[in-house]
Amino acid sequence: GLMSNQAVGDDVDSVTATRRVVRVDLLAPGGKAAGATAHVKLVIKMTGKVDRTDQVRGSLVLTRSGSGWRMFGFDVERGEVKG
């Protein structure tokens, strides 16, 4: 529910990302990347029957795996931007 527009999808004609920010804190013992936390902020403008701007922000906790990176935890919130 936080990461999709499923709840309002039938009432939305378009969605535009107006701001995208990602900051990554990397854990690299001995110079080898082992874990990371990605802090994200996404602002989207929705138009149609629904005409509003939402913000999704939070942190994704990542670990290194054999095939790349895997997310094993997250703290994400979503809300309407007022004004």
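Model, not experiment: these values are computed from the prediction.

A. Inspection of the nonpolar core at higher detail. Listed in full, the five residues of the largest apolar core are Val8, Val12, Ile44, Met46 and Val50. Setting aside anything within four residues of it in sequence, one finds valine 50 in contact with Val8, Asp11 and Val12.

B. Region of the structure containing the side chain of aspartate 54. With respect to the helices and strands, aspartate 54 occurs in strand E3 (residues 52-65). Polar side-chain contacts of aspartate 54 include one of 2.9 Å to the side chain of arginine 52.

C. The sheet that holds E3, seen in detail. One open sheet accounts for four strands, arranged E1-E2-E3-E4; its pairing is antiparallel. Both edges of this open sheet fall to strand E1 (12-27) and strand E4 (68-80), since each of them pairs with a single strand only. Each adjacent strand pair in this sheet contributes to an overall mean axis angle of 20°, direction not counted. Both strand E2 (residues 35-48) and E3 contribute to a ladder of 12 bridges, which runs antiparallel. Bridging across to E3, lysine 45 finds its partner in threonine 53.

D. Looking closely at the environment of glycine 31. Checked against the element boundaries, glycine 31 lands in the loop between E1 and E2. With 11 residues separating them along the chain, glycine 31 and leucine 42 place their C-alpha atoms 30 Å apart.

E. Broad picture of the pattern of salt bridges. Counting across every chain of the model gives six salt bridges. The partner of arginine 78 in a salt bridge is aspartate 54, and the shortest N-O contact between them spans 3.0 Å. Residue arginine 78 is located in strand E4, and its partner aspartate 54 is located in strand E3; the two are separated by 24 residues in the primary sequence. A relative accessible area of 22% places arginine 78 in the partly exposed class. A residue is classified by how much of its surface remains accessible, and aspartate 54, at 2% relative accessible area, is buried. Measuring nitrogen to oxygen at the nearest pair gives 3.7 Å for the salt bridge that ties lysine 82 to glutamate 80. Note on lysine 82: relative accessible area 67%, which makes it exposed. Looking at glutamate 80, the relative accessible area reads 42%, which means it is partly exposed. Connected through salt bridges with shared partners, the residues Arg52, Asp54 and Arg78 form a single ionic network.

Reading the values: rules and limits
Residues numbered from 1 in each chain as written. Predicted model: local features only at pLDDT ≥ 70, side-chain atom pairs only at ≥ 80, totals over all residues. Heavy atoms only, no water. Core = buried A, V, L, I, M, F, W, Y, C linked by side-chain atoms within 4.5 Å. Buried < 20%, exposed > 50% of the residue type's maximum accessible area, 1.4 Å probe, protein only. Contact = heavy atoms within 4.5 Å. Helix = DSSP H or I, 4+ residues; strand = E, 2+ residues; numbered from the N terminus. Polar contact = N/O pair within 3.5 Å; in protein donor to acceptor, adjacent residues only side chain to side chain. Pairing = 2+ DSSP bridges. Axes fitted to C-alpha atoms, helices over the stretch in contact; angles between N-to-C directions. Salt bridge = Lys/Arg side-chain N within 4 Å of Asp/Glu carboxyl O.

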